[in-house]
Structures are given as C-alpha cells and as structure tokens.
Amino acid sequence: MSELSPEEQWKIEHARMHAKHRGHEAMHAEMVLILIATLVVAQLLLVQWKQRHPRSYNMVTLFQMWVVPLYFTVKLHWWRFLVIWILFSAVTAFVTFRATRKPLVQTTPRLVYKWFLLIYKISYATGIVGYMAVMFTLFGLNLLFKIKPEDAMDFGISLLFYGLYYGVLERDFAEMCADYMASTIGFYSESGMPTKHLSDSVCAVCGQQIFVDVSEEGIIENTYRLSCNHVFHEFCIRGWCIVGKKQTCPYCKEKVDLKRMFSNPWERPHVMYGQLLDWLRYLVAWQPVIIGLVQGINYILGLE
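Residues numbered from 1 in each chain as written. Predicted model: local features only at pLDDT ≥ 70, side-chain atom pairs only at ≥ 80, totals over all residues. Heavy atoms only, no water.

Over its 23 residues, helix H3 (residues 54-76) runs 33 Å from end to end, which matches the ideal 33 Å to within 8%, given 1.5 Å per residue. Just downstream of H3 lies histidine 77, where phi reads positive at about 60°. (Helix = DSSP H or I, 4+ residues; strand = E, 2+ residues; numbered from the N terminus. Expected span 1.5 Å × (residues − 1).)

Right, dumping it as structure tokens:
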C-alpha cells in the first residue's frame, strides 16, 4: 500500500468499504430513517424549548457555540483558530464583565457596542471575502493568479467559517450584554415594565443625555426617533437592533421597522446578514449534538 499513489490507495479503500457493506441495504435504510426521525424530533423539542424558556435556551446555545468548535480545534490541531479564539474570548470576557457590573459605568454601553460592532463588521467583511474566494475558485478564476484550486478553496472556506462563526458568537454575547445593561439602567425590563420614566433628552439604551435634536445634523452622531416617538442616539439604537438582535423599542417594546430605519440600501445587507447568522446558530451549536445522538442510537442498535 505504501508504494501506491494516493489515488490508487483511495480506490482500494473504497473497494474495501463497498465489500464490507455489501448486502447491508436494509441496515442503511434503517439508519437513514433513524437520522430523519431524530432530526424531526430534535427540531420540535428545540422549538418548544426556545418558545417556553428562551433565556435558558439562549444560554445553552451560546455555551455550545463557544465550546463545541474549541473541541474540534484542539483535536485537529488548528492552532491559528485557537489563538484567535483565545484573543476574542479574553476581550469579550472583559467587555461582558463590564456590562454586568452594578452600578453601570457611564462609558460601558458605548464600549460594549463599539467592540461588538467592530467584530460584526470584521466578520461580515471576512465572510464576504471568503464567499468570493469560493466562487472565484468554482469558476476557475484562481488560475489567473496561478493559485492551486485546493489552496484557493481552503482559503475561501476558512475565511467563510471565521466570518460566520464569530458573527454568530458576537451577536449572542451582544444580546446578553444588551439585556444586562438596559435592565441595569432601568428603562428596559424583560417583563416590559420599565422601572424609570424616560425623558425626551435621555437615551434609553445608554442612559446618557441627547444633545442633538432629531431634525439637526450632528457632527459625530445623529439622533433617531422610532415610530413610537421615543428618541435615541443613532449609534445606540443601531447597536441595539443590529448587533444586539433586538427589533423592539428598548423602552416600550414596540416593533421596530428596520426597513424604515435603514433607508440606505447599502445598510440593509447587514440586517440580512444578521438573519443568516441566526439560522446558522442552529447548524453550528445543535447539529453536532444531534449527529452524535444519532451515532449513539446506531451503536446501541448495532448498526454500521
């Protein structure tokens, strides 16, 4: 075997696998049925859990999103990913610590949203570059730069994974921090009953004064008024809606019209990208658990 080429070795291994599983069609059909049934049942249970106990569901999902890739990283010796994961975790842990302190320091809300908005933009740009690299490789454009297809595809898939993974992780941490900070400030609560009255000159997200009128053009930042007539710093409400995944007013919980809020067509892809990340959260966090459960059932039943 050692004297054969990689292609010949693959053909021999492929033939051995077919010989081993010849006549096991009924067993394979049973395994497929187990897989489909497990996926359906798991999806129903996850939906019910999310609807009935959203806080515990989000916390467990966030923990799995944070830990599951780490297991595969250490197992497969992906040291570059591990270094980036450690740096991201260290800074995010510090920012999360600041967001959960009581009383809340006045500069903390801006620090939190700036960090998570930075990660959001980096992950968005990284995902776009990775997607373009994959598409260029599929169309053979990598040959114009004398890059091997396997190298170009590895580069694109790696960037796409980095962008999507840290985009999902960042949004979950941002949502948790947004809840803690807004509840601490007192203008927002999960029950919908604020503990303090909101003045027109105060932003309900960060609790700081609003110095620029809605009709005025600010030098650094503008002021935005939602359809419920509550006003906020533009930076804060954008961070609340896009980064923190909130689509309701931080004070009265009225639905936020994101299409009206982001009239610039170049900003709307950020909202679409956020929705894509929400869908991928299930794929990254729960799919490995479901596949492991399926393998456990197959092992108990003696299926190969």
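The next subject is the UniProt feature "transmembrane region" (unreviewed entry) in the protein chain. Feature annotation in UniProt assigns "transmembrane region" (unreviewed entry) to the following positions: residues 31-49, 56-72, 78-97, 118-140, 152-169 and 279-301. Annotation note: span residues 78-97, helix share 95%, strand share 0%, distance between end C-alpha atoms 28 Å. (UniProt positions renumbered as here; feature names shortened; annotations may be inferred.)

Residue placement: serine 89 occurs in helix H4 (residues 79-99). A polar contact is formed between the side chain of serine 89 and the side chain of tryptophan 66, at a distance of 2.9 Å. (Polar contact = N/O pair within 3.5 Å; in protein donor to acceptor, adjacent residues only side chain to side chain.)

One non-glycine residue, histidine 77, lies in the positive phi region at around 60°. Structurally, histidine 77 can be placed in the loop between H3 and H4.

Applying the stated criterion across every chain, the model contains 12 aromatic pairs. An aromatic cluster is built from Phe81, Phe88, Trp115, Phe161, Tyr162, Tyr165 and Tyr166, whose rings are joined through pairwise contacts. (Phe/Tyr/Trp six-rings, centres within 6.5 Å; stacked < 30°, edge-to-face > 60°.)

Here we take up a nonpolar patch on the surface. On the surface, Ile128, Tyr131, Met132, Phe136, Leu138, Phe139, Leu141, Leu144, Phe145 and Ile147 cluster together into a nonpolar patch covering about 1,100 Å² of accessible area. With respect to the secondary-structure elements, phenylalanine 145 resides in the loop between helix H5 (108-138) and helix H6 (149-185). (Patch = residues over 30% accessible without salt bridge, like charges linked within 9 Å, V, L, I, M, F, W, Y side chains within 5 Å. Areas by Shrake-Rupley, 256 points an atom, 1.4 Å probe, with all protein chains shown as cover. Salt bridge = Lys/Arg side-chain N within 4 Å of Asp/Glu carboxyl O.)

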